[in-house]
Amino acid sequence: MGELVEFIAKSLVENPDDVVVNEIEGSQSIIIELKVHPDDMGKVIGKQGRIAKAIRTVVKAAAIKDNKRVVVEIIQ
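These numbers were taken from a predicted model, which means no experiment stands behind them. (Residues numbered from 1 in each chain as written. Predicted model: local features only at pLDDT ≥ 70, side-chain atom pairs only at ≥ 80, totals over all residues. Heavy atoms only, no water.)

**Focus on the overall build of the protein chain**
Here's step 1: Of the regular secondary structure elements, the protein chain holds three helices and three strands.
Here's step 2: Along the protein chain, helices and strands appear, N-terminal first, in the series α-β-β-α-α-β.
Here's step 3: Principal-axis analysis of the C-alpha atoms places the extent of the protein chain at approximately 35 × 20 × 15 Å.
Here's step 4: Residue burial in the protein chain is summarised as follows: out of 76 residues, 28% are buried.
Here's step 5: For the protein chain, restricting intrachain contacts to residue pairs at least 6 apart in sequence, the fraction spanning at least 24 positions comes to 53%. (Helix = DSSP H or I, 4+ residues; strand = E, 2+ residues; numbered from the N terminus. Buried < 20%, exposed > 50% of the residue type's maximum accessible area, 1.4 Å probe, protein only. Contact = heavy atoms within 4.5 Å.)

Right, dumping it as C-alpha cells:
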C-alpha cells in the first residue's frame, strides 16, 4: 500500500525527492503516513481536500483484497 501512495504522491508534486511514506502495520489495520515538501501540500490535498480524498479512496479499494483497514494521514 505504501508503494501505491508514494507513486501517486510523486506524480502530483514538484519535489518528488521530498516524498516520504511511512507504513505502520497492525493486525487489522495499516496506517500510512505521507510527508511531502511544504510547498507541495496544496497539490496533495487539493481544493476542499478532493485529491486527498481520492488518494484515500484508491488505497482503501486496493486494501479490500487484503481484508485490512487503511488510514492515510498527510503530515507536514
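**Re the nonpolar core**
Here's step 1: Counting residues in each nonpolar core, the largest one holds 17 residues, and the members touching the most others are I32, L34, V36, V59 and V70.
Here's step 2: Aside from chain neighbours lying at most four places away, what touches V59 is M1, L4, V5, I32, V70 and V72. (Core = buried A, V, L, I, M, F, W, Y, C linked by side-chain atoms within 4.5 Å.)

**Thoughts on helix α1 (residues 2-12)**
Here's step 1: Among the residues of α1, G2, V5, I8 and A9 are the ones counted as buried. Across the axial projection of α1, the buried residues extend over an arc of 135 degrees, all falling on one side. The exposed set on the far side of α1, more than 90 degrees from its buried face, consists of E3, F7 and S11.
Here's step 2: Where α1 is buried, its residues meet β1 (20-25), β2 (29-35) and α3 (50-63). (Arc of directions from axis to C-beta.)

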